[in-house]
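Residues per chain, in single letters:
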Amino acid sequence: MSEVSIEPWTAVDAPAGLPERAYAIMSGGQVVGSASVDDVGVLQWEFADIDERLAVLGVDALIEFAFGELGLHRVQARLGADDKHNQRIASRAGLRREGVVRGGAGHGADEIQVARVATDPPLTDRATFTAVLNAGLPTKRCIAQAIVRDDQGRILVCELVYKRFWDLPGGVVDPYESPADAVVRELKEELDVDARVRGLAAVSWLKPWRGWDDATLFVFDVELDRPPHTLQPREIRAVHWLAPEELGEHVAEYTVRVVEQALASDVPVYLEDGRPRA
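About the criteria used
Residues numbered from 1 in each chain as written. Predicted model: local features only at pLDDT ≥ 70, side-chain atom pairs only at ≥ 80, totals over all residues. Heavy atoms only, no water. Core = buried A, V, L, I, M, F, W, Y, C linked by side-chain atoms within 4.5 Å. Buried < 20%, exposed > 50% of the residue type's maximum accessible area, 1.4 Å probe, protein only. Helix = DSSP H or I, 4+ residues; strand = E, 2+ residues; numbered from the N terminus. Salt bridge = Lys/Arg side-chain N within 4 Å of Asp/Glu carboxyl O. Pairing = 2+ DSSP bridges. Axes fitted to C-alpha atoms, helices over the stretch in contact; angles between N-to-C directions. Contact = heavy atoms within 4.5 Å. Phe/Tyr/Trp six-rings, centres within 6.5 Å; stacked < 30°, edge-to-face > 60°.

A word on the nonpolar core. Core analysis: the biggest nonpolar cluster contains 30 residues, and Leu43, Trp45, Val59, Val75 and Leu95 have the highest contact counts within it. Those elements giving two or more residues to this core turn out to be β2 (22–27), β3 (30–37), β4 (43–47), α1 (52–68), β5 (74–80), α2 (84–92) and β7 (111–117). With 10 residues, α1 is the single largest residue contributor to this core. With 21 residues, the next largest nonpolar core counts Ile147, Trp166, Leu168 and Ala262 among its residues.

The following block contains the structure:
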C-alpha cells in the first residue's frame, strides 16, 4: 500500500475556502496536506509540517490522479521565484521548470512555471531525473568570434550596422551548436567566405553589460579561403584590416584586451572580461 494517497474531502472535515477539485493528502490515516487540480491541469498544494519525502510522494500522487482518474495530459504549477522549498518538491516530483512568469503572482512577484506531461518517463526512470535537472540548470549565452590575420599581420574587423564599436567577425552560438561550428557559420553568412578553424586562441567570461546577461566568449584563430568581398548588409556596413595597435581606435576596450592576450600567447588563454584571472 502506498504511503500517501489522494482522497476526496468529506463535507464534515473539509476546510473552508477550498477550490473545486480539492483533495486531502493522506498518510497513515492522517491528513498531511491539501491539493487541487483544475480542468486545465493547474496544480496547487499545501502541506502540514511533514517530511519533504512525503510531500514529494503527495504531489506525485496528485499528478498520477490527474493523469489517471481525470484523464489530463498535462499538469502545471506556478511557484514563487523565492519559494525554494516548493520548487524542490516540484522538481523531485518530476515537474520540469519551463520558465519565469514575470509579475505572475497577485502581488506582482515573479513565479517559476513547472509542468509534467503524461508521456514523461516515470520518476523511477533516470531519464526523468536527467530531464528535470537539465531543465533547471542555468544556460549561459555563448559567443564565437574569429581572429583572422592577413600576410601583414593585420586583423579583420567588421564595421557593424547596429553597434557603435567595430568588432571581430562572429556571433552568438545557436542552441546545440559548437562554438567552432558557429564561427564558421557566421563567417559564411556575414562575409560569404569559407573558414577553417586552426585552433582556439582565447576564452573570456564576459560580465553582464547594458542589460545583457553574462556570457562566455570563444575566440578562434581562423583562416579564410579568400578575402571577404560580399557582406550581409543587414549587419555589416564594411570590413577593415587593422594593425593590432590600431584596434583601440575602433573596437571596444575588452576586445582590445582579448586580442592582445591571445596574440601574446602561444597557447589558448583563459580571461575574464578580457583580463587574465588574478
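Picking up where we left off.
Turning our eyes to something else, we now look at the pattern of salt bridges. Evaluation of the coordinates by the stated rule reveals 27 salt bridges. One salt bridge connects Asp60 with Arg116, and the closest N-O pair in it is separated by 3.1 Å. Residue Asp60 is found in helix α1, and its partner Arg116 is found in strand β7; the two are separated by 56 residues along the sequence. Of the two residues, Asp60 and Arg116, neither departs from the other in class, the shared state being buried. Close ionic contact of Asp194 with Lys188 constitutes a salt bridge, the shortest N to O distance being 3.3 Å. Under the relative-accessibility criterion, Lys188 is labelled partly exposed at 39%. Within the structure, one salt-bridge network assembled from shared partners comprises Arg149, Arg196, Arg198, Asp221 and Glu223.

Let us now look at unusual backbone geometry. The residue Tyr176 is not glycine, and still its phi comes out positive at about 65 degrees. In this fold, Tyr176 is placed in the loop between β10 (170–172) and α4 (179–191). Taking the relative accessible area as the measure of exposure, Tyr176 reaches 88% and is therefore exposed.

This part takes up the sheet that holds strand β1 (residues 5–8). On the basis of which strands lie adjacent, the open sheet formed by four strands has the order β1-β2-β3-β4 and antiparallel pairing. Every interior strand has two partners, whereas the edge strands, β1 and β4, have only one. When strand polarity is set aside, the average angle formed by the axes of neighbouring strands in this sheet is 30 degrees. Alignment of β2 against β3, held across six bridges, turns out to be antiparallel. Bridge pairing links Ala22 to Ser36 in β3.

One open sheet accounts for six strands, arranged β10-β8-β12-β11-β14-β15; its pairing is mixed. Of all the strands in the sheet, just β10 and β15 (275–276) have a single pairing partner and so form its edges. Of the strand pairs in this sheet, strand β11 (residues 195–206) and strand β14 (residues 269–272) are connected by four bridges, and their pairing is parallel. Each residue of the ladder has a partner; that of Val203, found in β14, is Tyr270. The sheet strands contacting α4 are β8 (141–147), β10, β11 and β12 (215–224), and the helix crosses β12 at an angle near 60 degrees.

Moving on, we come to the packing of aromatic side chains. Applying the stated rule across the entire model yields one aromatic pair. Judged by centre distance (4.8 Å) and plane angle (65 degrees), the ring pair of Tyr23 and Phe65 falls under edge-to-face. Taken as a pair, Tyr23 in strand β2 and Phe65 in helix α1 lie far apart in primary sequence, 42 residues in all. For the pair formed by Tyr23 and Phe65, the shared burial category is buried.

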